[in-house]
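The chain contents come next:
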Amino acid sequence: MQAKDVMTTEVVTATPETLVADIAKRLIERRISALPVVDAKGQVVGIVSEGDLMRRPETGAGSHSSWWLDLLSAPEQQAREYIKSHGKSARDVMTRNPVTVDENASLEAIAELLEKHRIKRVPVLRDGKLAGIVSRANLLRGLIGRQRAPVPAVDDRVLRGSVLKAIGESGANATFVDVVVSAGVVDLWGATYTEVERDAIRVAAAGTQGVKGVEFHVGVFPSMARASMWT
């Protein structure tokens, strides 16, 4: 799945000239936490979030910082903060050069961007212009929907190799675990040293592309048996 498959296309936007009061009203009425700022050409020039509006005189929070922080801050930075907290239009308070993605970006790529930049949503572009927005909720729904999609049939022998590889990458010691694959269903038999390893093996098998089901028959060695194995 790609951004265009999960994005919200009816996006509430603002222009650089939109008043801060109007932006706050739109956020409240539409129950959203941010909106893109779009210029006359349809290009995203910024984004305004609830966080951008919190430290303003109107909220009672103000933007005054400690005197020693003021000493450490460059005049340019202080001026920028003043504009952000006292400006009346979107161009004054918006976060400029926001992170964006192309409509063909994969869900994995979007998830990495959200995590890397610690943001909750990202505007989606088509030919450089705003086409939609993907939020964390959109992303999660897309991932759930993808899991429901039909899984192409995979040869059992090839599938068994993929399962074994996934188990190996899980970090669990699967020396005493047998893997049998029939008609896309994985049968796991044997035992592991710990419950964590047993769960890791189950998760690895179930998450392998092409697996239709998992029959789990893996136990955990008794503590006395584990001790004898290490001596």
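What you see is a predicted model; the values in this text were computed from it and never measured.

**Description of the packing of aromatic side chains**
- Scanning the entire structure with this criterion turns up three aromatic pairs.
- When the centroid spacing of 6.3 Å and the interplanar angle of 90 degrees are considered together, the rings of phenylalanine 176 and tyrosine 193 count as edge-to-face. Here tyrosine 193 lies in the loop between strand 8 (185-192) and helix 10 (195-206) and phenylalanine 176 lies in the loop between helix 9 (156-169) and strand 7 (177-182), a separation of 17 residues in the sequence.
- A relative accessible area of 39% means that phenylalanine 176 is categorised as partly exposed.
- Linked through ring pairs, Phe176, Tyr193 and Phe221 together constitute an aromatic cluster.

**Some details on the sheet that holds strand 5 (residues 121-126)**
- If you walk across this open sheet you meet the three strands as 4-5-6, and the pairing is mixed. Because the sheet does not close on itself, it has two edges, and the strands there are strand 4 (101-102) and strand 6 (129-135).
- Helix 7 (residues 107-117) rests against strand 4, strand 5 and strand 6 of the sheet, and its axis sits at about 135 degrees to strand 5.

**Focus on the pairing of strand 7**
- What you see with strand 7 is a clean split: Val177, Val179 and Val181 sit on the buried side and Asp178, Val180 and Ser182 on the side with no burial.
- Two elements, strand 7 and strand 8, share six bridges in a ladder whose sense is antiparallel. Paired with valine 181 across the bridge in strand 8 is valine 186.
- What sits between strand 7 and strand 8 in their antiparallel hairpin is a turn of two residues, with alanine 183 showing a positive phi close to 55 degrees.

**Considering the pairing of strand 5**
- A large share of strand 5 lies buried, amounting to five of its six residues.
- With two bridges connecting them, strand 4 and strand 5 associate as parallel partners. Across the sheet, valine 101 pairs through a bridge with valine 124, a residue of strand 5.
- Direction of pairing for strand 5 relative to strand 6: antiparallel, over a ladder of six bridges. Bridge pairing in strand 6 links arginine 126 to lysine 129.
- Connecting the antiparallel pair strand 5 and strand 6 is a turn made up of two residues, with aspartate 127 showing a positive phi of about 55 degrees.

About the cut-offs
Residues numbered from 1 in each chain as written. Predicted model: local features only at pLDDT ≥ 70, side-chain atom pairs only at ≥ 80, totals over all residues. Heavy atoms only, no water. Phe/Tyr/Trp six-rings, centres within 6.5 Å; stacked < 30°, edge-to-face > 60°. Helix = DSSP H or I, 4+ residues; strand = E, 2+ residues; numbered from the N terminus. Buried < 20%, exposed > 50% of the residue type's maximum accessible area, 1.4 Å probe, protein only. Pairing = 2+ DSSP bridges. Contact = heavy atoms within 4.5 Å. Axes fitted to C-alpha atoms, helices over the stretch in contact; angles between N-to-C directions.

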